[in-house]
Amino acid sequence: MRHSGRDRRKGEEQTMNQLERTLAIIKPDSFAGGHTGEILAMIEAAGFRILGMRMTRLSKAQAQGFYDVHRGKPFFAGLVEFMTEGPVVVLALERENAIKAWRDLMGATNPAGAAEGTIRKKFGTAIDRNAVHGSDAPETAAYELGFFFSGADLA
């Protein structure tokens with residue numbers, strides 16, 4: 001059976017508009033700066049459903065495990081130190097195209113280059129103190145969500 005171009009486009013639209021889940025972290029700099037509420041408001045205004053949320057303080061071992069993909073890079077030790085300096089808020093977010101939508105809302109990694117209206121432009125102060133974290137791909141999101149939340153937490 002042949003499919004028309006219209007059928008293919010419809011299939012592509014459905015794939016592009018899948019309900020996804022992603023992890024977000026409000027980092028210690030944003031928490032300490034009192035920006036958690038504003039960031040949560042921006043998340044909800046962007047159409048995300050918050051499936052899970054908790055404040056925690058990462059141990060050195062937890063931060064090293066979470067950021068293990070960066071082990072051996074020059075910024076690894078500083079990243080671990082930063083992420084353990086104070087509380088963070090971890091969130092499981094859901095919406096259509098959640099990973100891309102969250103990355104768009106976060107803004108560029110370096111706040112200096114982030115677009116106006118993004119979280120990092122508004123609250124980030126440097127590339128290594130950039131307010132929030134977000135998963136960058138479906139596989140990363142699955143791993144990162146599982147790091148902080150059990151399946152029962154997100155039912």
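Residues numbered from 1 in each chain as written. Predicted model: local features only at pLDDT ≥ 70, side-chain atom pairs only at ≥ 80, totals over all residues. Heavy atoms only, no water.

K.L.:
Give a detailed account of the overall build of the chain, specifying residues and quantitative values.
P.N.:
Along the backbone of the chain there are eight helices and four strands. When the helices and strands of the chain are placed in sequence order, the string is α-β-α-α-β-α-α-β-α-α-β-α. In the chain, which comprises 155 residues, the share counted as buried stands at 40%. Across the chain, the fraction of contacts at a sequence separation of at least 24, relative to all contacts at a separation of at least 6, is 75%. Total accessible area on the chain is roughly 8,700 Å²; 52% of this is exposed by carbon and sulfur atoms. (Helix = DSSP H or I, 4+ residues; strand = E, 2+ residues; numbered from the N terminus. Buried < 20%, exposed > 50% of the residue type's maximum accessible area, 1.4 Å probe, protein only. Contact = heavy atoms within 4.5 Å. Areas by Shrake-Rupley, 256 points an atom, 1.4 Å probe, with all protein chains shown as cover.)

K.L.:
Talk me through helix α8 (residues 138-148); I want residue IDs and the actual numbers.
P.N.:
All of the buried residues in α8 are A141, E144, L145 and F148. Each buried residue of α8 lies within a common arc of 100 degrees when the element is viewed along its axis, so the set occupies one face. Pointing more than 90 degrees away from the buried face of α8 are the exposed residues E139, A142 and G146. Where α8 is buried, its residues touch β1 (19-26), β2 (49-56), α4 (60-66), β3 (88-96), α6 (98-106) and β4 (132-134). (Arc of directions from axis to C-beta.)

K.L.:
Quick one: what's the story with the pattern of salt bridges, residue by residue and with numbers?
P.N.:
Where charged atoms from two side chains of opposite charge approach closely, those side chains can pair. What the rule picks out here adds up to six salt bridges. The salt bridge involving K122 is made with E38; its shortest N-O contact spans 3.5 Å. Highlighted residues: K122 in helix α7 (residues 119-123) and E38 in helix α3 (residues 36-45), separated in sequence by 84 residues. We note a salt bridge from R129 to E85, for which the minimum N-O separation is 2.6 Å. With R129 in the loop between α7 and β4 and E85 in the loop between α5 (76-83) and β3, this pair connects stretches of sequence that are 44 residues apart. You can call E85 partly exposed: its relative accessible area is 40%. (Salt bridge = Lys/Arg side-chain N within 4 Å of Asp/Glu carboxyl O.)

K.L.:
How would you explain the sheet that holds β4 if you had to name every residue and give the values?
P.N.:
An order of β2-β3-β1-β4 is seen for the four strands of this open sheet, with the pairing classed as antiparallel. The open sheet is flanked by β2 and β4, the only strands paired with a single partner. When strand polarity is set aside, the average angle formed by the axes of neighbouring strands in this sheet is 20 degrees. Strand direction decides the pairing type here: β2 and β3, joined by seven bridges, are antiparallel. For I50, the partnering residue across the bridge sits in β3 and is L93. (Pairing = 2+ DSSP bridges. Axes fitted to C-alpha atoms, helices over the stretch in contact; angles between N-to-C directions.)

Nothing here speaks to function; it is all geometry.
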